[in-house]
Amino acid sequence: MKKHPYIGLPEGAYWKRAAAKSGNEFAPLVDFPFKIDRDTRVATAGSCFAQHIAKWLKRSGYRYVVIEPGHEVLSQGVREKFQYGTFSARYGNIYTCRQLLQLFDRAYGAYSPQETVWQLGESAFVDPFRPNVQPGGFATREELEIDRAQHLSSVREMFETLDVFVFTLGLTEAWKNKEDGAVYPLCPGVAGGEYDSDKYEFVNFSASECEEDLSAFLRRLKSVNASAKVILTVSPVPLVATAGGNHVVQATTYSKSVLRVAAEALSQSDDSVAYFPSYEIICSPIMRGTYFADDLRSITEAGVEHVMSVFSHWCLDGEQAAEVRAEAPVEKSVGHFREEMTSIAEVLCDEELLAE
């Protein structure tokens, strides 16, 4: 009888057995280190894809944390337009690990970038670190600064009170200020400010840099919230554009590979960090590209539903997840369900502005 380490492994360890499954059965996980129950305070941040998890948790009755919900006199439509509740705090898209690290340091006064305001048109102003949260910009610099102070206070509250932080890694490409290293979610000039090659430079972070930034963020998070856990995911959405000189498909492969390596390194080295394979569910050859829309970039409603179904099964408390399903009204029409899934699938993405 043959004896070697590959005999008797779990089914998921073998391509022939695991990859033969298709459709909604495909779940590239063999274990998940912790569960989210209805009392778990979950906060989200990251690229556009992180919004799907936020919407799903809210829809499913879990305790999704929104520190900046917007004033109660505002309609839900206005709040959504101004990105209240899009993420747990009103920071907009956080595409890179360096952005996340700098957000924490700005919130706690450990980092003060030199450039804090960008002009938008002739009479409006935007926050360089969240340029699209205020459609049309702020009327005055003072208004912007007051809003930012309140925002950073909310960020501190979020980090100090959350139980689980879900961060979706999106990009390795970014633009930064040459003088102080400040990293922006969008290139200056796209949604405010003016591009100046003497002032700004393109950067494409390496795997080691992303790992170091994530590790530094985790240390800082634990310093204010020792029991916090982190779920890392990699967005399956390709780059809308690249400034790195390569074909956008090559740039996308590099970016996602780097982020996947960094996420794996952190999840392997720290028991409080887990990786969830949203990228693999959407992009695996097993799915044959069926979860991409006609533009080969947007994720379909079916793709989002598959990802979140796997998330519910593996990451949410089993009994409570079953209760959520049981509480769902059985008389809901197919049309109503599709409306819900369309809402979950629709996200706000700053990066889309690069294609305009």
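All values reported here derive from a predicted model rather than from experimental measurement.

(A) Structural view of the packing of aromatic side chains. Taken as a whole, this structure holds 16 aromatic pairs when the rule is applied. Relative to Tyr195, the ring of Trp175 has its centre 5.5 Å away and its plane inclined at 85°; by these criteria the two rings are edge-to-face. Linking Trp175 in strand S5 (residues 173–177) with Tyr195 in the loop between strand S6 (183–184) and strand S7 (200–204), this pair joins segments that are 20 residues apart in sequence. Taking the relative accessible area as the measure of exposure, Trp175 reaches 17% and is therefore buried. Chaining the aromatic ring pairs together yields one cluster made of Trp118, Phe129, Trp175, Tyr184, Tyr195, Tyr200 and Phe202. Over the face of the ring belonging to Tyr14 we find Arg17, whose NZ or CZ atom lies 4.3 Å from the ring centre.

(B) Quick look at the confidence of the model for the chain. Per-residue pLDDT for the chain has a mean of 90; in total, 89% of the residues score no lower than 70. Low confidence marks residues 328–338, where pLDDT is under 50. Its contacts with residues over four positions away, or in another chain, come to four contacts.

(C) Layout of the sheet that holds S5. Spatial strand order, S6-S5-S7: three strands in an open sheet with antiparallel pairing. Each edge of the open sheet carries a strand with a single partner, namely S6 and S7.

(D) Region of the structure containing helix H9 (residues 301–315). When the terminal C-alpha atoms of H9 are compared, their 20 Å separation across 15 residues agrees well with the 21 Å that a helix rising 1.5 Å per residue should span. Residues Gly303, Val304, His306, Val307, Met308, Val310, Phe311, Ser312, Trp314 and Cys315 constitute the buried set of H9.

(E) Focus on the packing of helix H6 (residues 207–224) against helix H7 (residues 248–269). Packing of H6 against H7 leaves a shortest axis separation of 8 Å and a crossing angle of 45°. As far as their axial angle goes, H7 and H6 are oblique. Seen along the crossing, H6 lies across H7 with a hand that is right-handed. Residues Ala207, Cys210, Glu211, Leu214 and Ser215 of H6 pack against Val258, Leu259, Val261, Ala262, Ala265 and Leu266 of H7. Taken together, the residues of the contact of H6 with H7 sort by class into nine nonpolar, one polar and one charged.

Conventions and cut-offs
Residues numbered from 1 in each chain as written. Predicted model: local features only at pLDDT ≥ 70, side-chain atom pairs only at ≥ 80, totals over all residues. Heavy atoms only, no water. Phe/Tyr/Trp six-rings, centres within 6.5 Å; stacked < 30°, edge-to-face > 60°. Helix = DSSP H or I, 4+ residues; strand = E, 2+ residues; numbered from the N terminus. Buried < 20%, exposed > 50% of the residue type's maximum accessible area, 1.4 Å probe, protein only. Lys NZ or Arg CZ within 6 Å of the ring centre and 35° of its normal. pLDDT = per-residue confidence, 0-100. Contact = heavy atoms within 4.5 Å. Pairing = 2+ DSSP bridges. Expected span 1.5 Å × (residues − 1). Axes fitted to C-alpha atoms, helices over the stretch in contact; angles between N-to-C directions. Parallel < 35°, antiparallel > 145°, perpendicular 65-115°, else oblique. Left-handed = near helix turned anticlockwise from the far one by under 90°. Nonpolar A, V, L, I, M, F, W, Y, C, P; charged D, E, K, R; others polar.

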